Amino acid sequence: MRNPFISHLYGLAVLIILFQSSCKESSQKTLEVPESTCLTGGMVVSAHPLASQVGSDILEQGGNAFDAAIATQLTLAVVYPRAGNLGGGGFMVYHTAEGASGALDFRERAPLRAERDMYLDPNGDVIPKASTLGHLSVAVPGVVDGLVKNHERFGRLPWATLLQPAIDLAENGFTLTDAEAAKLNDYQVLFSVMNDSDMPFLDPDGNWNEGDSIFLPGLAETLRLIRDQGRAGFYQGRTAELLLAEIQSGNGIISQADLDLYSSNWMESLNGDYRGHEIICMPPPSSGGVALLQLLKGMEEYDLNSLGHNSAASIHLMTELERRVYADRASHLGDPDFHDVPISMLLDSKYISSRNSSIDLTKKTDSESIKKGDVELIESMETTHLSIIDGDGNAVALTTTLNGNYGSKVMVDEAQFFLNNEMDDFSVKPGTPNMYGLIGAEANSIAPSKRMLSSMSPTIVLKNDQPYLILGTPGGSTIITTVFQNILNVIDHGMSIEQSVNETRVHHQWLPDKVFYENGGLEYEVIQELEDLGHELAPKPLIGRVDAILIEEGCFQGIGDPRGDDSAIGF
Ligand code: DON
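Residues numbered from 1 in each chain as written. Predicted model: local features only at pLDDT ≥ 70, side-chain atom pairs only at ≥ 80, totals over all residues. Heavy atoms only, no water.

**Side note on the overall build of the chain**
Here is step 1: Across its full length, the chain holds 20 helices and 18 strands.
Here is step 2: Expected size for 571 residues packed as a compact globule is a radius of gyration near 25 Å; at 22 Å, the chain falls within 12% of this value.
Here is step 3: Projected onto its principal axes, the C-alpha coordinates of the chain cover approximately 60 × 60 × 45 Å.
Here is step 4: Classification of the 571 residues of the chain by burial places 64% in the buried group.
Here is step 5: Considering only contacts in the chain between residues 6 or more positions apart, those separated by 24 or more positions represent 74%.
Here is step 6: Accessible surface for the chain amounts to roughly 19,600 Å². Of this, 50% is attributable to carbon and sulfur atoms.
Here is step 7: Placing the 38 positive and 78 negative side-chain charges of the chain at their respective mean positions leaves the two points 6 Å apart. (Helix = DSSP H or I, 4+ residues; strand = E, 2+ residues; numbered from the N terminus. Rg over C-alpha atoms; globule rule 2.2 N^0.38 Å. Buried < 20%, exposed > 50% of the residue type's maximum accessible area, 1.4 Å probe, protein only. Contact = heavy atoms within 4.5 Å. Areas by Shrake-Rupley, 256 points an atom, 1.4 Å probe, with all protein chains shown as cover. Lys, Arg positive; Asp, Glu negative; His and termini not counted. Charge placed at Lys NZ, Arg CZ, Asp CG, Glu CD.)

Written out as structure tokens, the structure is:
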């Protein structure tokens, strides 16, 4: 059954699911801090222990950080289906042992048949769920093309070696963690609405448990084709035919021409500095790098350390910087192939100082006075990040996504991978919020082959020209502020990487004009002081899942965020 019509009942189901999953993920686990031995051989941090293990094994076999990133991502596509993927897209930034830095953009693109107002009804109103659920929400996937290009330029081990662990896990099965079983249970109704009844993630009893095994022989076959044919194993032949048949069985618009045209791009990374460190981050079509550098440059004008960590004064200051930066994001950022993004203006020191000049340290600024608009913020969607360093010093930060949990909820029949719902990252209607509450303007409107604006922020921080911090996170609109806070925690507040990742996070994104904070993580007095400064506060179950590596005196310290199953494996 693949009915594109979603009734109000299903809408209600989505809300219940989002509520349930928020509640489930709020129970944070205790962090297992690794023994304090100095690891120098390699380190992989990802959202799933099986994926981190595969990446670490690849490093031990003599692969480099790029090889490990490819194998880890492919493994996540099997064992972490809510976000690890073949049917989505992402970004990678890197710094090589030779000192070169750069970026790879494998973001999805709008299909050729996409139109600016394709998600609006004849009255110009947004059609509910059209850009988030089902075949029409799917953009042209970029992951496989990106991984192939990555290997062509940087791979050391044979391509087939990097595919094999994922193939074996898909073929021979893997067991569910408690969190993954719970997440799959949350989505059983939507899976059954959007897919045939033999879809492998539908449990006959509707109840997955920790330790249950999942077998994905169809996905193993898809991976074998990619192993044997590279790019053609996905964008042509059996996989392409199955993907297009799936798209056509609903109301999708992707065609073979879209698959033929898709190309990921090598780019220059966006580089800046912060208190003597070099920051390597992702340029547009991610807003992440520009926004992060704006925030850091803005923060450099203040002595954050003297305000204390998560005090009312420091949260107020971060909030005021974020309010201004997210307002810029909404109007100025989009795909640079279609819209002239004023990067140098946005990062100009005089411009940043002039934005800072309206910050009042004794009271909040009204977001309405910066720009008009009003939105709701929905959370608990998924993306996944991996951070890797090898023994030679090559560093990779890679973030990839299907956008929402399990993307469009449509799995390609027989080929057994989920398709993204990335079209919702466009500004579907200028001024109307997407599912992260982000609003956009013409810069991020839909056009054929255009890349939708992203917040994904894979980031590498250098100290004395050497990798110092490798990090990134899922979290939609909260990605940028989560990466920002972890850089501040380490550089300004002098925290260890474990402490930094464990600390309570806060978030502001201009609109809605609220300071979000992780529930239970702020002192009552701090909340009161922030309210006295004029802020409205709103608790959230959790913000982000940071996977990070800190390199100090040559030793690799990895930390997988205890908010999830994330794990750091090194040697
Ligand atoms: O590219 C973006 O900004 C979004 N598609 C990311 C979605 C995300 O992080 C969901 N995870 N929590």
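**Here we look at the pattern of salt bridges**
Here is step 1: A full pass over the atoms with the stated rule returns 27 salt bridges.
Here is step 2: A salt bridge links Arg275 to Asp492; the nearest nitrogen and oxygen atoms lie 2.8 Å apart. Pair noted here: Arg275 is in the loop between β7 (270–274) and β8 (277–281) and Asp492 is in the loop between α18 (479–491) and α19 (497–502), with a separation of 217 residues, a long-range link.
Here is step 3: The partly exposed category is assigned to Arg275, whose relative accessible area is 29%.
Here is step 4: Across the salt bridge formed by Lys364 and Asp513, the nearest N and O atoms sit 2.7 Å from each other. Taken together, the residues span a long stretch of sequence, with Lys364 in the loop between α16 (349–356) and α17 (367–370) and Asp513 in the loop between β13 (506–507) and β14 (515–518) at a distance of 149 residues. Across the pair, exposure class does not vary: Lys364 and Asp513 are buried alike.
Here is step 5: Put simply, Glu320, Arg323, Arg324, Lys364, Asp366 and Asp513 are held in one network by salt bridges that share partners. (Salt bridge = Lys/Arg side-chain N within 4 Å of Asp/Glu carboxyl O.)

**Considering the sheet that holds strand β15 (residues 537–540)**
Here is step 1: Read across the open sheet, the 3 strands follow the order β13-β14-β15; overall the sheet is mixed. Strands with a single pairing partner mark the edges of an open sheet, and in this sheet they are β13 and β15. (Pairing = 2+ DSSP bridges.)

**Things to note about the confidence of the model for the chain**
Here is step 1: Averaged over all residues, the pLDDT of the chain is 92; the fraction at 70 or higher stands at 92%.
Here is step 2: Note that pLDDT drops below 50 for residues 372–379; the model gives that stretch 27 contacts with residues more than four away or on any other chain. (pLDDT = per-residue confidence, 0-100.)

**Notes on a negative patch on the surface**
Here is step 1: Together, Glu523, Glu525, Glu529, Glu531, Asp532 and Glu536 line one region of the surface with negative charge.
Here is step 2: Looking at where Glu536 falls in the secondary structure, it is placed in the loop between α20 (524–532) and β15. (Patch = residues over 30% accessible without salt bridge, like charges linked within 9 Å, V, L, I, M, F, W, Y side chains within 5 Å.)

**Observations regarding helix α12 (residues 288–299)**
Here is step 1: Along its 12 residues, α12 runs 16 Å from first to last C-alpha, staying within 8% of the 16 Å computed at 1.5 Å per residue.
Here is step 2: For α12, the buried fraction is high: 11 of the 12 residues fall into the buried class.
Here is step 3: Those residues of α12 lying buried are Gly288, Gly289, Val290, Ala291, Leu292, Leu293, Gln294, Leu295, Leu296, Gly298 and Met299. (Expected span 1.5 Å × (residues − 1).)

**Quick notes on the packing of aromatic side chains**
Here is step 1: Per the counting criterion, the structure on display carries 14 aromatic pairs.
Here is step 2: Joined through ring pairs, the aromatic side chains of Tyr187, Phe191, Phe201, Tyr406 and Phe418 make up one cluster.
Here is step 3: Its end group placed over the ring of Tyr468, Lys463 keeps NZ or CZ at 4.6 Å from the ring centre.
Here is step 4: Between Lys540 and the ring centre of Phe516, over which it is positioned, the NZ or CZ distance is 5.2 Å. (Phe/Tyr/Trp six-rings, centres within 6.5 Å; stacked < 30°, edge-to-face > 60°. Lys NZ or Arg CZ within 6 Å of the ring centre and 35° of its normal.)

**A word on the nonpolar core**
Here is step 1: Within the largest apolar cluster, 82 residues are counted, with the highest numbers of intra-cluster contacts made by Val78, Leu86 and Leu223.
Here is step 2: When residues in this core are grouped by element, the largest group, 11 residues, is from helix α3 (residues 65–79).
Here is step 3: Once residues lying within four places of it in the same chain are set aside, the contact partners of Leu223 are Leu74, Val78, Leu86, Leu163, Ala166, Ile167 and Ala170.
Here is step 4: Grouped together as the second largest cluster of nonpolar side chains are 61 residues, Leu270, Val341, Leu453 and Trp510 included. (Core = buried A, V, L, I, M, F, W, Y, C linked by side-chain atoms within 4.5 Å.)

**Observations concerning the pairing of β8**
Along any regular strand, the residues point their side chains to alternate faces of the sheet.
Here is step 1: The element β8 is extensively covered by neighbouring structure, given that 4 of its 5 residues are classed as buried.
Here is step 2: The sheet contact formed by β7 and β8 spans 5 bridges and is antiparallel. Across the sheet, the residue bridging to Gly272 is Ile279, located in β8.
Here is step 3: Linking β7 back to β8 in an antiparallel pair, the connection comprises 2 residues, with Arg275 at a positive phi of about 45°.
Here is step 4: Summarising the sheet, β8 and strand β11 (residues 459–463) pair through 3 bridges and their orientation is antiparallel. Following the sheet pairing, Glu278 is matched in β11 by Leu462.

**Observations regarding the sheet that holds strand β16 (residues 547–552)**
Here is step 1: If you walk across this open sheet you meet the 6 strands as β7-β8-β11-β12-β16-β17, and the pairing is antiparallel. Whereas interior strands pair on both sides, the edge strands pair on one side only; in this sheet they are β7 and β17 (555–560). Neighbouring strand axes in the sheet, compared pairwise and without regard to direction, differ in orientation by 25° on average.
Here is step 2: Of the pairings in the sheet, the one linking β11 to strand β12 (residues 466–471) comprises 5 bridges and is antiparallel in character. Looking at the pairing, Leu462 lines up with Pro467 of β12.
Here is step 3: Across the sheet, α12 is in contact with β7, β8 and β11; its angle to β7 comes to roughly 20°.
Here is step 4: Running over the sheet, α18 touches β7, β8, β11, β12 and β16 and is turned about 135° from β12. (Axes fitted to C-alpha atoms, helices over the stretch in contact; angles between N-to-C directions.)

**A few points about the environment of Gly230**
Here is step 1: Mapped onto the elements, Gly230 comes out in the loop between α8 (217–229) and α9 (232–235).
Here is step 2: Residue classification places Gly230 among the buried positions, given a relative accessible area of 11%.
Here is step 3: Residues Gly230 and Ala160, spaced 70 residues apart in sequence, show a C-alpha to C-alpha distance of 9.3 Å.
Here is step 4: The contact partners of Gly230, leaving out residues within four places of it in the chain, are Val148, Trp159 and Leu225.

**Observations regarding the side chain of Ser137**
Here is step 1: With respect to the element layout, Ser137 can be found in the loop between β3 (101–106) and α4 (143–154).
Here is step 2: Reaching out from Ser137, the side chain makes a polar contact with the backbone oxygen of Gly134 at a distance of 2.6 Å.
Here is step 3: With residues up to four places along the chain from it excluded, the contact list for Ser137 reads Tyr119, Ala130, Ser131, Thr132, Ser408, Asn420, Asn421, Glu422 and Met423. (Polar contact = N/O pair within 3.5 Å; in protein donor to acceptor, adjacent residues only side chain to side chain.)

**What to know about the packing of α3 against α4**
Here is step 1: The N-to-C vectors of α3 and α4 enclose an angle of 160°; their axes lie 9 Å apart at closest approach. Accordingly, the angle class assigned to the pair α3 and α4 is roughly antiparallel. Classified by chirality, the crossing of α4 by α3 is left-handed. Each of Phe66, Asp67, Ile70, Gln73 and Leu74 in α3 lies in contact with α4, whose residues at this interface are Val143, Leu147, Asn150, His151 and Phe154. (Parallel < 35°, antiparallel > 145°, perpendicular 65-115°, else oblique. Left-handed = near helix turned anticlockwise from the far one by under 90°.)

**Structural notes on the packing of α12 against helix α14 (residues 312–332)**
Here is step 1: Between α12 and α14, the shortest axis-to-axis distance is 10 Å and the interhelical angle comes to 140°. The angle between the axes of α12 and α14 places the two elements in the oblique class. Here α12 runs over α14; the crossing is right-handed. Taking contact as the criterion, the partners of Ala291, Gln294, Leu295, Gly298 and Met299 in α12 are, on α14, Leu317, Met318, Leu321, Glu322, Val325 and Asp328.

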